[in-house]
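# Descriptive structure summary
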Amino acid sequence: MSRIRSVATSAALKGREALEINRRTVLAAAGAVSLSAGVGLALRPTGSEAAPATPAAPAAEEQQPVAEGRQAAAAPLAPYTKGTTLASVAAPRTSSGYRRLGDGAGWSRVVRSDLAAARSGRAGRRTALAAFVQFTDLHLMDVQHPLRLEFLRAHDPHGWRPHEALTVPGAISLVERVNALRGAPVTGSPLHFVMTTGDNTDNNAHSELEWFMKVMSGGRITPNTGDPKHYEGVQNSGLKLYWQASSTVRDGDKALGFPHLAGYLAAAIREVKSPGLNLPWYSTVGNHDALPLGCFGSHADPWLAAAAIGGKKLMTVTDAEAKKLQDSIRAAKDPKGSGYRDFLKAHARSMRSVTADEKRAPYTSAEYLKAHLDPAYQGLGPVGHGYSSANVAAGTQYYAFRISDDVIGISLDTTDAGGHYDGSIGTAQLAWLEKTLKENKDSYAVVFSHHTSQTMTNTRPDPAHPSDGRHTGAELVTLLNRHANVLAWVNGHIHRNLITPHKASNGNSFWEVTTASHVDYPQLARVVELADNKDGTISLFTTLIESAAPHRTDFSDLSQTGLAALYRELAFNAPGSSKVLGGNPTDRNTELVLKKG
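Residues numbered from 1 in each chain as written. Predicted model: local features only at pLDDT ≥ 70, side-chain atom pairs only at ≥ 80, totals over all residues. Heavy atoms only, no water.

Right, let's get into empty space enclosed by the protein. For the structure shown, the criterion picks out six cavities of 30 Å³ or more. Its volume calculated, the largest cavity comes out at about 110 Å³. For the largest cavity, the lining is made up of 15 residues, of which Leu 147, Pro 292, Ser 298, Leu 304 and Pro 362 are closest to its centre. The greatest single-element share of the lining of the largest cavity, amounting to three residues, is contributed by helix H8 (residues 302-308). (1 Å grid on protein atoms, 1.4 Å probe; cavity = no way out; pocket = protein on both sides within 12 Å on 5 of 7 lines; lining within 4 Å. Points joined across faces, edges and corners; volume = space filled by probe spheres on them. Helix = DSSP H or I, 4+ residues; strand = E, 2+ residues; numbered from the N terminus.)

As structure tokens, then:
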């Protein structure tokens, strides 16, 4: 029997008994309760507690979390593969040109013993500790936003992608896939929650933030801004640089075999409906959520803020101009966006008129937090989806929560408000993390962040906290390796599946699990299961899942489901896209073994 116990009933479930949900599963999905994030508070049956700007000394009776609440009925082990990449993965069924997708062979599970030997008989001994789903890099896009960098495609084919108008139906289909899962694939235990590890939005726009909250918690979404009845952007510009899907213009993408789809743009901005996740969900912030366009620390720039909601949009530049701007962004030469502002001003006469819309305004970190705390977006909870009013008061975007009796989760903020897309972590947060791990040394810990250990190299000071030092991914790895209870660090950012073992000289070890995005092919999410093998080892099982959309597309089907299927196929064919983002077999469906600390 699998041992999965809830620590408490979610406050989000109070008063929601009328909903037709599997209450037993929700109760088992313990993501309902959070533990103290820096103040040493005991577990409470409501909400999360966040780290204050200056951590307070805990009362003696509040130094350790206290598990409260009922125990969910144990679920029998029921391994399955249906609906996962173990059973089937989208694969091309044509060999050249624009390639149509169909059902392909599944990816087998690989046992990795880099950190500990996999002992025989463990499958019959193991008990489940926790199970959850990771979403990452959804990049929900307001594709008509005036500040977008589509024109970089003049130099880099992947600077704009033909499928970008379909991020919302694509993400909804991913929610539908999770809702259809029968618990965890290996242990058969209930899934505790879904965690998004950042880049939930793309342009740091209020419009995108609203779409994200509704995708996750449920609601009707019209993925359109500006003119309420018509699309206004690069795909009806007549420019051959972009796929003019609904017109007969012979653009560069059609020359590669992309289809002419009458009615495509009208369908792309049509209202869709998300059922919302049937699990509690938590949120972690990414650079695209914190920074305009994911790279500019430009919230204080009034010109760019006005341009975001204004009626002018730049759609084309020369190859040389695009290269110069892209090189500047990649080299972090313009972290505050002042160079981009000047670039746009210099091209004012080349801009095209679009309908202005205040919903495209950039949102601040406080507005991001308040959106999560909005009762309209509560879904199945928890209240705030990890964040709390304490986060708002302290100006922090990190927290800790209890997953199950034996496991805590820790969500970090690795974005750098100083600008640039790579990340780092502040001294105050690093100290809070150390304290949280020490105070919960009797619980296993799973750490969540957006950035990977290799992409936390940006130590630019945070303008709001200039005296707070910044620290790299290597420093974070060193800290995590000091704590024997750390099992995994789960992240995204690089849009690629990658699993990295980390082992310290003191014998401690953990796995870094990086998952591909849901915007670039192969558009995946990941189920993660933790199990005690009862032989001195722990196994982490990772199982990749695709959206619920069929692998085969029908160009005449522009329904919500048809668009989600098309989203995947267009992403596969996107010019300039990487073909290695799925990773190696050792980065996909795995059993990751490590010694108990």
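Okay, back to it.
With that settled, consider the pattern of salt bridges. One pass over the full model with this rule turns up 28 salt bridges. A salt bridge links Glu 164 to Arg 161, with the nearest nitrogen and oxygen atoms 2.9 Å apart. One exposure class covers both Glu 164 and Arg 161, and it is buried. Here Asp 342 makes a salt bridge to Arg 341, at a shortest N to O gap of 3.4 Å. Taking relative accessible area as the criterion, Asp 342 reaches 42% and is therefore assigned partly exposed. Judged by relative accessible area, which is 22%, Arg 341 ranks as partly exposed. (Salt bridge = Lys/Arg side-chain N within 4 Å of Asp/Glu carboxyl O. Buried < 20%, exposed > 50% of the residue type's maximum accessible area, 1.4 Å probe, protein only.)

Quantified by volume, the largest pocket comes out at close to 950 Å³. Every residue lining the largest pocket is counted, 32 residues in all, and those nearest its centre are His 158, Arg 161, His 288, Tyr 421 and His 495. Taken together, the elements giving at least two residues each to the lining of the largest pocket come down to helix H7 (287-290) and helix H9 (319-330). Counted by class, the lining of the largest pocket contains 10 nonpolar, 12 polar and 10 charged residues. (Nonpolar A, V, L, I, M, F, W, Y, C, P; charged D, E, K, R; others polar.)

Moving on, we come to the environment of Ser 453. Mapped onto the elements of the fold, Ser 453 is located in the loop between strand S14 (444-448) and strand S15 (470-471). Accessibility expressed as a relative area gives 9% for Ser 453, which makes it buried. Taking the C-alpha atoms as reference, Ser 453 lies 9.1 Å from Asn 491; in sequence the two are 38 residues apart. If we ignore the near neighbours within four places in the chain, the residues touching Ser 453 are Gly 473, Ala 474, Val 477, Trp 489, Asn 491, His 502 and Glu 512. In this structure the side chain of Ser 453 is engaged in a polar contact, spanning 2.8 Å, whose partner is the side chain of Glu 512. (Contact = heavy atoms within 4.5 Å. Polar contact = N/O pair within 3.5 Å; in protein donor to acceptor, adjacent residues only side chain to side chain.)

Here the bond from Gly 381 into Pro 382 is cis, since omega is -5 degrees, no more than 30 degrees from zero. Summarising the element assignment, Pro 382 is placed in the loop between helix H11 (365-373) and helix H12 (389-394). Look at the link from Tyr 521 to Pro 522: it is a cis peptide, with omega at 20 degrees. Counting through the fold element by element, Pro 522 comes out in the loop between strand S18 (509-514) and strand S19 (525-532). The phi dihedral of His 385 is positive, around 50 degrees, even though this residue is not glycine. Mapped onto the fold, His 385 is located in the loop between H11 and H12.

Parts of the model with low pLDDT should not have their predicted coordinates read in detail. Averaged over every residue, the pLDDT of the protein chain is 89; residues scoring 70 or more account for 87%. Note on residues 1-34: pLDDT under 50 across the span, and 118 contacts to partners over four residues away in sequence or across chains. Across residues 36-75, confidence stays below pLDDT 50; counting only partners more than four residues off in sequence or on other chains, it has 102 contacts. (pLDDT = per-residue confidence, 0-100.)

Once that is clear, we can look at the nonpolar core. With 65 residues, the main nonpolar core has Phe 135, Val 194 and Leu 530 as its most contacted residues. Counting 46 residues, the second largest nonpolar core, distinct from the first, contains Leu 147, Val 317, Leu 563 and Tyr 567. (Core = buried A, V, L, I, M, F, W, Y, C linked by side-chain atoms within 4.5 Å.)

Pairing is mixed across the open sheet formed by seven strands, whose spatial order is S3-S21-S20-S19-S4-S5-S8. Pairing within the sheet leaves two strands with one partner each, and these edge strands are strand S3 (110-112) and strand S8 (281-284). Across the sheet, the mean angle from the axis of one strand to that of its neighbour is 20 degrees, orientation sign disregarded. On top of the sheet, helix H3 (residues 167-180) reaches strand S4 (127-135), strand S5 (194-197), S19 and strand S20 (537-545); it is set at about 165 degrees to S4, its chief contact. (Pairing = 2+ DSSP bridges. Axes fitted to C-alpha atoms, helices over the stretch in contact; angles between N-to-C directions.)

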